[in-house]
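# Inside the fold
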Amino acid sequence: MNQVIESAGACGIPKDEDVDMITRRRFGQLSGLAAGSVLLTPALRAATAPDIALEIAPYTLEASPKHHFRTLAYNGQVPGPLFRMRQGQEQTVEIRNLSSEPEVVHWHGLFLPPEIDGAMEEGTPMIGPGATVRYSMKPEPVGFRWFHTHTFAGKDLTKAQYGGQHGFVLIEPRDAPGAYDREVFLGLHDWGGHFEGGDDGFMNPVYDVSTINGKMLGFGEPVRVKEGQCVLMHVLNSSPTEVHWIAMAGHRFQVVALDGNAVPQPQTVEMLRLAPAERVSAVVEMKAPGKWVLGEVRKHIQSAGMGVVIEYAGAGGNAVWTQPEKLLWSYRQFAAAGEIQPPGESTRIELTFDSKFEGHGSEERWRINGKSYPDTDEPVLKNGERYRLEMKNESMDDHPMHLHRHTFEVRQVDGSSELTGLRKDVVLVAAKSTAEVEFVADHPGRTLFHCHQQDHMDRGFMMVFRYA
Ligand SMILES: [Cu+2]
């Protein structure tokens, strides 16, 4: 029943006549740097100001008055700023690293050259402590993207993706956005990690605190809405390692895009599942006045703080949560219906994932085809050719696999039959299962492919594709 599109609602696919008005209204809103951004020194401002200015510096996040986390942040805020960019319109970027260690900023989901994509494995230079870099980039493709650090954490669960270095990017199309009244950006994150022995026999990170937009439930500003509004929610899971399940009491989500790419079949669902680095864009029709909790479906994660209050104008009392009975999600429901495109002429690349205990204690190395980074194979791609990654996960963990600098089409998950039309840049490959994705190699240069779980990538779960 959660497969049905609600067609009667006001929050549908845009009518042509809506488009102009919405475009104008949205571009009248704040663009570029969000409030609270750190300004450049007068000398630097005197030179041409960059379109995008990022400053990396130590920051203390107050998730609640009792929960503080010392971390690194972009422009003195967690999440970092929201950058709106116009598709294909060149942006100048300036990044200053005021931290004490080398940094690198990865633009997740964009088609950028390896020199600026933001992964040292591809050849992006690290930004030394105290250094400033400048470059320009052409934002592609349209949709909800993000940016984050791409460094190594190892045993320090305050570093890299465990910290506060993540922010939102929205690449606006030249025309035709959606039929909605406003947009809300929500970032899910986990804090205060430490290693604990897990069911899989490994030491896994567990967390004290979980937040939405850096705040625990009840401690952030509510999202204020009005009855009758169509709110487009852009949800990002920036957690270093955790999959999250999100529901909004009294409401349902009409999912319109996954990882920023429009889905062939928008569906109205009870809840969202987001693996690390995944994004879901969903329209929520505000038709149940009151105060509601949008939060993690699993009670213990919501109790750790992962929630935000959605407050209708004039509503009072406590925010209400209704507990869904079970966890429900599948990629397949958003894929194209009807005739399945046969797999194109593609070159198959088989990738088997497993892990091996190594060294002392329960330290495992993650492997692709029996090898850990930096010893993993470097398959060679030919420009313009189509490839199919056949992933076989022989481990006991789920892995959110991310391909840099390209969008892939999910063609098979969990041993199911073929599906088509789902364009993503992360796919969760379930434990003891398989997934297959196809992509056209049309962005020459070194291309990183890795598990987005920080502890797994730190322990070798990465490989690089080269172009011939
Ligand atoms: Cu993994």
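The present account deals with the structure reproduced in this document. (Residues numbered from 1 in each chain as written. Predicted model: local features only at pLDDT ≥ 70, side-chain atom pairs only at ≥ 80, totals over all residues. Heavy atoms only, no water.)

### Overview of the sheet that holds strand S23 (residues 364-368)
To keep things clear, this is the line we draw: A pair of strands counts as paired when DSSP detects no fewer than two bridges linking them. Secondary structure follows DSSP: runs of H or I at least 4 residues long count as helices, runs of E at least 2 residues long count as strands, and numbering of each begins at the N terminus. What counts as an axis is a line fitted to C-alpha atoms, over the stretch in contact for a helix, and the angles between N-to-C directions run from 0 to 180 degrees.
Taken in spatial order, the 6 strands of this open sheet run S23-S22-S25-S30-S27-S28, and their pairing is mixed. Each of the sheet's edge strands pairs with one partner strand only, and the pair in question is S23 and strand S28 (422-424). On average, each strand axis in the sheet is inclined to that of its neighbour by 30 degrees, with strand direction left out of account. Direction of pairing for strand S27 (residues 408-413) relative to S28: antiparallel, over a ladder of 3 bridges. In the sheet register, Val410 faces S28, and the bridge partner there is Leu422.

### Digging into the coordination of the copper ion
Spelled out, the test is: Because no water is among the atoms considered, metal sites can look incomplete, with donors defined as N, O and S atoms within 2.8 Å of the metal, or 3.2 Å for Na, K and Ca.
At 2.0 to 2.1 Å from the copper ion lie its protein donor atoms, namely His399 (ND1), Cys451 (SG) and His456 (ND1). Here the donor residues for the copper ion map to a single chain with the spacing H-x51-C-x4-H. Of this pair, His399 sits in strand S26 (residues 399-403) while Cys451 sits in strand S31 (residues 447-451); the two residues are 52 residues apart in sequence, bridging distant segments of the chain.

### Details of unusual backbone geometry
Put simply, Val78 and Pro79 share a cis peptide bond, and its omega is -5 degrees. Checked against the element boundaries, Pro79 lands in the loop between strand S2 (67-74) and strand S3 (82-86). We note that Ala160 has phi near 50 degrees; this positive angle belongs to a residue other than glycine. Turning to its location among the elements, Ala160 is positioned in the loop between strand S7 (143-149) and strand S8 (166-172). In this structure, Ala277 takes a positive phi of about 80 degrees despite not being glycine. Within the fold, Ala277 resides in the loop between strand S18 (271-274) and strand S19 (279-285).

### A look at the nonpolar core
Using the following cut-off: Residues belong to one nonpolar core when they are buried, are Ala, Val, Leu, Ile, Met, Phe, Trp, Tyr or Cys, and are joined through side-chain atoms within 4.5 Å. Burial here depends on accessible area, computed with a 1.4 Å probe over protein chains only, as a share of the maximum for the residue type. Under 20% is buried, over 50% is exposed, and the range in between is partly exposed. Residue contacts follow a heavy-atom distance rule, with two residues in contact if any of their heavy atoms lie within 4.5 Å.
In terms of nonpolar packing, the biggest core is built from 72 residues, with Met233, Phe253, Leu272, Leu294, Met391 and Phe449 touching the most fellow members. Take this core: its biggest share by element is 4 residues, from strand S15 (residues 244-248). Once residues lying within four places of it in the same chain are set aside, the contact partners of Met233 are Val184, Leu186, Met248, Phe253, Val280, Ser281, Ala282, Val284, Met286, Leu294 and Ile310. Of all hydrophobic cores here, the second largest spans 19 residues; its members include Ile52, Tyr74, Met85 and Met137.

### Here we look at the pattern of salt bridges
Note the following rule: For this document, the term salt bridge refers to a Lys or Arg side-chain nitrogen within 4 Å of an Asp or Glu carboxyl oxygen.
On inspection of all chains with the given rule, the structure shows 27 salt bridges. With a closest N to O distance of 3.8 Å, Arg279 and Asp259 form a salt bridge. Here Arg279, found in strand S19, pairs with Asp259, found in the loop between strand S16 (253-258) and strand S17 (261-269); they are 20 residues apart in sequence, far enough to count as distant. The class of Arg279 is buried, set by a relative accessible area of 1%. Taking the shortest distance from any N to any O, the salt bridge between Arg411 and Glu438 comes out at 3.8 Å. With Arg411 in strand S27 and Glu438 in strand S30 (residues 433-440), this residue pair connects regions lying 27 residues apart in the sequence. Arg411 gets classed as buried once you look at its relative accessible area, which sits at 0%. Assessed through its relative accessible area of 2%, Glu438 is described here as buried.

### Overview of the sheet that holds strand S4 (residues 91-97)
Reading across from one edge, S2-S1-S4-S6 is the order of the 4 strands in this open sheet, with mixed pairing throughout. Edge positions in the sheet fall to S2 and strand S6 (132-137), since each of these pairs with one other strand and no more. The mean angle between the axes of side-by-side strands here comes to 25 degrees, regardless of whether they run parallel or antiparallel. Note that S4 and S6 share 6 bridges and pair antiparallel. Counterpart to Arg96 in the pairing with S6 is Thr132.

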